Amino acid sequence: MGVIAAFGAPLLTACGDGGIPAGANAGNASLPTFVKFPGVTADLPGTNAGVTDGYFTYPANPPKTTTGIPGDGKPITVMMPAAGAIPPAPDQNAYAQELNKRLGSELKVAWTPSADWSQKLATTIAGDQLPDVFNLLNETPDFPSMLEAKALDLTPYLAGDAIKKYPALANIPTESWRGAVFNGKIFGLPIPRGITTSRILYRREDILEQLGATAVPTSFAEFLELCETVTEPSKNRWALASLPMTFVQEMYQLPNNWSEHDGAFSHLFEHENMKAALEAGRQLVAAKVVNPDAFASAQAQYKKWFDAGTAVMVEDSLSAWQGFQRRGVAIPGFKMAAHPAPGADGGSGSFWLGDPNHSITAINKKSKDRVETILNVFNWLASPFGTEEDMLRQYGVEGLDYELDGSDPILTDQGTLEIKANPVYLTGSPATLYISQGEDAVRARHDAEEALVPLAVKDASNGLYSATASRTGAQQLKSMEALQNDIVQGRKPVSAWDAGVKDWQGKAGDKMRSEYEEAFAQLKNA
Amino acid sequence: MSRKIIDGMPAPAMGTRLLKGFILLLICAVVIVPFIGIISTSVASPEQVNKAGGFVLFPDSVQWSAYASVLSGGVVTRSLFVSAGITVVGTLLSLTVTSMLGWALSRRSMVGNKFMIMLVLFSLLFTPGMIPTYLMVKQLGMLDSYWALIVPTMVSGFNVIVMRSFFSGIPAELIDAARMDGAGEWQIFRRIALPLSKAVMAVIGLFYAVGYWNSFFNAMLYLSDSAKWPLQLVLRTYVVNGTQLGEADLGALDAVLPPEPSIQMAILVIAIVPILLVYPFLQKHFAKGVMTGAVKG
């Protein structure tokens, strides 16, 4: 998700979305042809509009879909962020040994804590120490120039029908490939996430049932009323873990950051409804239905409050669903749901789509002689859900890392440790919805997605590059976030927003607008 | 009734004493309660931790599962040895170089003395940036080597100044006497100056040791092979990445989970205990050492 897309979510988690803006002038490159992998049939099929394929069980006897060994026997050096704690070293890790054996080239991974990623990348680039393959978790200033200087142009290998040589990579949606194109060239491989980076409002249905407040609000007034009904500070219970500004802005039908009309761009800050949304946010804070520690806490804490029932609702990414569900197993009666935002005055709200990618992975220019080997390895790693390759990549070695319960793999203690060596931030297959032995949970999320997706609104700047956004966008966004916090917490009047927007326009907004408009026109004419 | 006299001063009234006691108790509690919380949460059951919202003061039962989780797989254990090695070797080297430099700078007769002091002071005021240091380490061929964790931080300008101040305070007569007995500069340093500086060495050694023990950033920058990582960097991946042990952004479980508080707390305990064990042995030197160096110029 681009930094701009983070607005409305003042305290995002460090993970879950990468921070790479969608590519520049994506239309100038011949994007890879999309060829859907004829994989297993989903129990709850997804839609082209974005609803994820849902599976109740892991398909039995998953078929092998690649032939031969993709690697060339020589190690491939990799730099990528660690998803969590680092895994045991390959010499003590049966999973890594088996994966390397199957790939035919050892993946020599330099893990980095995601919090330190920017520094690691900056020093590695400056020292000219980039490995064969490197993830690009965060945007660096003047991103396209950096890619031109260091990353291999993959256009000749992947554009158009060339990608058909790599069937699993051809299965990655076009929307995701757009995010890997800069200056009209394909500079990386996307790590696709579908709609799962979008933010939604989760509800603890079990608690709402106990309180007799299960009715889904149909307007902001009803939402506020619901929040007031379920908040009871004496019982350490608040309606909201944090102020759900994305949800509120969706109620007011605000644009998902940038919107485009006849080639003219405008930002949500400038929208006539923005002040109404701020006023709504202010009312929620004033009504004391938001956990009083919310503004001093982070997403990880919000999750804990939701788990503990201290918060009845929490705004989080759609990808957090499985985590809530899995931890919920240990909570008696746990039941969760999510609904789209209603219109502020009735009717329907909208649903802001997140970035279709987690991040992208680039190949070092210096490794050009091995590019086909590396792409073959990537193709193996991107094998879709329900294949033998995916089963090995996600769950390891049967009998050591997992045991089968029916056809569902259940990780062993050894597997739980070793599986951390899964190179998740290298490449991947399109997002799927599978919760081991959680049919009800899969159904619930699929239902939620079906309700949300028809209301989807894209960020019009997706697929476009703005140098100003890259250089100062994040900094200016922080000032606006601070102003938003001041307003919703009652330290400044809502009317202070106008001056803030004017300042933002002068410092970055107007330049970003013209850059996006120019990029958009080029894209249209391409 | 006259008040009791203590050290020539009347003892404070009972109310004042109670108030002082209460304030001191409060200050102690501010330090001790979170510490007890850390230990308690690390051994509490996951259910209790979840129910309490992540912080337990009185565990219902004692469970070692968090420690078992952290220590399984050998990653943390291996990094403990790395950290211990870096700390011991680094501290010894740092003390050697710092004391020798401090001694040299305390000899006013040394050629270029003032210039050298200026250089040391300069390093206090201006630190090299992250990228120049990285390039230096690379040019010295220390990338992916343990030396990268020791050499860039081996000498601290502050510690050199403290050391120099201490050495400057050694009476000139003592050194003259040694010289008359035929001792050279090296012998004077080794036989006279060093034995006199045990206190300041203990304190500076502790500064260095804590520095080496706690450092993670250099390892993150310079070591690509995670098998060489020191403890603090390994623990950072547990705490900062904000993901639960073994349930990260993996497989179909594409979710970022909150850190398991008991595991985080177990990690804190593991990271703190070794330094905590060393402290009591050096504490007696602590106040004396710092004061000695600090007030003499």
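An unreviewed UniProt entry annotates chain B as ABC transporter permease of Arthrobacter glacialis. Taken verbatim from the UniProt record of chain B, the Sequence similarities (unreviewed entry) comment is "Belongs to the binding-protein-dependent transport system permease family."

K.L.:
Would you mind showing me how to read the sheet that holds strand β2 (residues 76-82) of chain A here?
P.N.:
Sheets are built from strands paired through backbone hydrogen bonds, the pairs being either parallel or antiparallel. Residues and elements named next belong to chain A. In spatial order, the strands read β3-β2-β4-β15-β7; together these five strands make up an open sheet with mixed pairing. In this open sheet, the two edge strands, each paired with only one partner strand, are β3 (107-113) and β7 (189-192). For this sheet the average axis-to-axis angle between neighbouring strands, irrespective of direction, equals 25 degrees. Two elements, β7 and strand β15 (residues 357-363), share three bridges in a ladder whose sense is antiparallel. Counterpart to Pro192 in the pairing with β15 is Asn357. Running over the sheet, helix α2 (residues 117-126) touches β2, β3 and β4 (133-136) and is turned about 150 degrees from β2.

K.L.:
How should the side chain of Arg164(B) be read in this particular structure?
P.N.:
All names here are of chain B. Note on placement: Arg164 falls in helix α8 (residues 157-168). Glu185 provides the closest opposite charge to the buried, salt-bridge-free Arg164, at an N-O distance of 13 Å. Not counting residues within four places of it along the chain, the set of residues in contact with Arg164 comprises Gly102, Leu105, Ser106, Arg108 and Ile117.

K.L.:
Quick question: what am I supposed to make of the packing of α2(A) against helix α6 (residues 130-139) of chain B here?
P.N.:
Each pair of packed helices gets described by two things: the angle between the helix axes and the distance between those axes. It is the contact of α2(A) with α6(B), at a shortest axis distance of 9 Å, that shows an interaxial angle of 50 degrees. Between α2(A) and α6(B), the crossing angle belongs to the class labelled oblique. You can see that α2(A) and α6(B) cross each other, and the crossing is right-handed. Between α2(A), through Gln119(A), Ala122(A), Thr123(A), Thr124(A) and Ala126(A), and α6(B), the contact on the second element is made entirely by Met130(B), Ile131(B), Tyr134(B) and Leu135(B). Considering only residue class, the contact of α2(A) with α6(B) consists of six nonpolar, three polar and no charged.

K.L.:
Quick question: what am I supposed to make of the UniProt feature "transmembrane region" (unreviewed entry) in chain B here?
P.N.:
Residues and elements named next belong to chain B. Within this structure's numbering, the places UniProt gives as "transmembrane region" (unreviewed entry) are residues 21-44, 80-103, 115-134, 146-167, 188-213 and 263-282. Note that residues 21-44 is 96% helix and 0% strand, and that its end C-alpha atoms are spaced 32 Å apart. For the annotated span residues 80-103, helix accounts for 100% and strand for 0% of the residues, and the straight-line distance between the end C-alpha atoms is 34 Å.

K.L.:
Teacher, can you tell me more about the sheet that holds strand β12 (residues 311-317) of chain A here?
P.N.:
Residues and elements named next belong to chain A. The four strands lie next to each other as β9-β12-β8-β13, forming an open sheet whose pairing is mixed. Two strands in the sheet have a free side with no partner beyond their single neighbour: β9 (238-240) and β13 (336-338). On average, each strand axis in the sheet is inclined to that of its neighbour by 25 degrees, with strand direction left out of account. Taken together, the three bridges between strand β8 (residues 199-204) and β13 define a ladder with antiparallel strand orientation. Residue pairing in the sheet places Arg204 in a bridge with Met336 of β13.

K.L.:
Looking at this structure, how should I read the pairing of strand β10 (residues 258-261) of chain A?
P.N.:
Two faces, one strand: in a regular strand the side chains alternate between the faces of the sheet. Residue and element names in this part refer to chain A. Relative to strand β11 (residues 264-267), β10 is paired through four bridges, and the arrangement is antiparallel. Note on β11: the bridge partner recorded for Trp258 is His267. Counted along the chain from β10 to the antiparallel partner β11, the turn is two residues long, and its residue Asp262 has a positive phi close to 50 degrees.

K.L.:
Honestly, the domain arrangement of chain A in this entry has me stumped. Any pointers?
P.N.:
Interface extent is often summarised as the accessible area lost during association of the parts. Domain boundaries in chain A define domain 1 (25-38 + 61-194 + 356-427) and domain 2 (199-352 + 456-525). A straight line from the C-alpha centre of domain 1 of chain A to that of domain 2 of chain A covers 32 Å.

K.L.:
I'm lost on the packing of aromatic side chains in this one. Help?
P.N.:
Aromatic ring pairs are described here by two measures, namely the spacing of the ring centres and the angle between the planes. All told, the structure shown has 30 aromatic pairs over all chains when counted by the stated rule. Counting every residue linked through ring pairs, the aromatic cluster contains Trp258(A), Phe265(A), Phe269(A), Trp497(A), Trp504(A), Tyr516(A) and Phe520(A). The residue whose ring lies beneath Lys303(A) is Phe324(A), and the NZ or CZ to ring-centre distance is 5.6 Å. The ring of Trp103(B) carries the charged tip of Arg107(B) above its face, separated from the ring centre by 4.0 Å.

K.L.:
What exactly am I supposed to notice about unusual backbone geometry here?
P.N.:
Leaving glycine out, the prevailing phi sign among residues is negative, and the prevailing peptide bond configuration is trans. Phi is positive for Asn236(A), close to 60 degrees, though the residue is something other than glycine. The residue Asn236(A) is located in the loop between α8 (220-230) and β9 in this model. One non-glycine residue, Asp144(B), adopts positive backbone phi at about 65 degrees. Assignment of secondary structure puts Asp144(B) in the loop between α6 and α7 (147-150).

K.L.:
Sorry if this is basic, but what is going on with the pattern of salt bridges here?
P.N.:
For side chains bearing opposite charge, pairing can occur when the charged atoms are close. Residue and element names in this part refer to chain A. Applying the stated criterion across every chain yields a total of 30 salt bridges over all chains. With its nearest N and O atoms 2.8 Å apart, the salt bridge here joins Arg445 to Glu449. Taken together, the positions of Arg445 and Glu449, both in helix α16 (residues 439-452) and four residues apart, correspond to about one turn of that helix. Connected through shared salt-bridge partners, Asp72, Asp132 and Arg370 make up one network.

Definitions and cut-offs
- Residues numbered from 1 in each chain as written.
- Chains lettered and ligands numbered in written order.
- Predicted model: local features only at pLDDT ≥ 70, side-chain atom pairs only at ≥ 80, totals over all residues.
- Heavy atoms only, no water.
- UniProt positions renumbered as here; feature names shortened; annotations may be inferred.
- Pairing = 2+ DSSP bridges.
- Helix = DSSP H or I, 4+ residues; strand = E, 2+ residues; numbered from the N terminus.
- Axes fitted to C-alpha atoms, helices over the stretch in contact; angles between N-to-C directions.
- Contact = heavy atoms within 4.5 Å.
- Buried < 20%, exposed > 50% of the residue type's maximum accessible area, 1.4 Å probe, protein only.
- Lys, Arg positive; Asp, Glu negative; His and termini not counted.
- Salt bridge = Lys/Arg side-chain N within 4 Å of Asp/Glu carboxyl O.
- Parallel < 35°, antiparallel > 145°, perpendicular 65-115°, else oblique.
- Left-handed = near helix turned anticlockwise from the far one by under 90°.
- Nonpolar A, V, L, I, M, F, W, Y, C, P; charged D, E, K, R; others polar.
- Domains from an automatic or database assignment.
- Phe/Tyr/Trp six-rings, centres within 6.5 Å; stacked < 30°, edge-to-face > 60°.
- Lys NZ or Arg CZ within 6 Å of the ring centre and 35° of its normal.

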